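# What the coordinates show
Residues per chain, in single letters:
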Amino acid sequence: MAATSSCHMLFFLAYAARAGFVVERYLDEAVGIMGRDDRGKVAIVSVVLRPAVTFSGETLPDAAALADLHHRAHDHCYIANSLRASVTVEPRAA
């Protein structure tokens with residue numbers, strides 16, 4: 001979970017900086033769920049990322065921009081793309 005969370009955060013921070021947003025704080029409470037996978041083996045079958053981001057500065061993202069940042073970060077996170085488990089991002093209020 002930590003690696004997936006860190007990967008998402010790094011892409012999120014890069015996209016936020018490119019868009020001119022200043023991230024003051026980024027905190028994620030990632031959760032992993034274990035169960036049996038499609039092969040019947042015990043595995044992490046689901047990862048849920050729950051990032052809470054605080055911005056500062058003159059330009060703050062609206063809800064659409066924030067959703068886009070998370071979407072792009074999730075889409076480009078090579079760790080999430082490498083997992084057999086599903087990865088869901090559920091942003092929280094900061």
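Now for a description of the structure that goes with this document. Remember, it's a predicted structure, so these values are computed and weren't measured experimentally.

Conventions we followed
Residues numbered from 1 in each chain as written. Predicted model: local features only at pLDDT ≥ 70, side-chain atom pairs only at ≥ 80, totals over all residues. Heavy atoms only, no water. Phe/Tyr/Trp six-rings, centres within 6.5 Å; stacked < 30°, edge-to-face > 60°. Helix = DSSP H or I, 4+ residues; strand = E, 2+ residues; numbered from the N terminus. Buried < 20%, exposed > 50% of the residue type's maximum accessible area, 1.4 Å probe, protein only.

### Quick word on the packing of aromatic side chains
A complete count under the given rule lists five aromatic pairs for this structure. Judged by centre distance (6.1 Å) and plane angle (70°), the rings of Phe11 and Tyr78 are edge-to-face. Here Phe11 is found in helix α1 (residues 2–18), whereas its partner Tyr78 is found in helix α3 (residues 78–82), with 67 residues between them in sequence. Since its relative accessible area comes to 22%, Phe11 is described here as partly exposed. Where Phe12 meets Tyr26, the ring centres are 5.6 Å apart and the plane angle is 55°; that geometry is what we call tilted. With Phe12 in helix α1 and Tyr26 in strand β1 (residues 22–28), this pair connects stretches of sequence that are 14 residues apart. Owing to a relative accessible area of 0%, Phe12 belongs among the buried residues under this scheme.

Treat this as a map of the structure, not an account of what it does.
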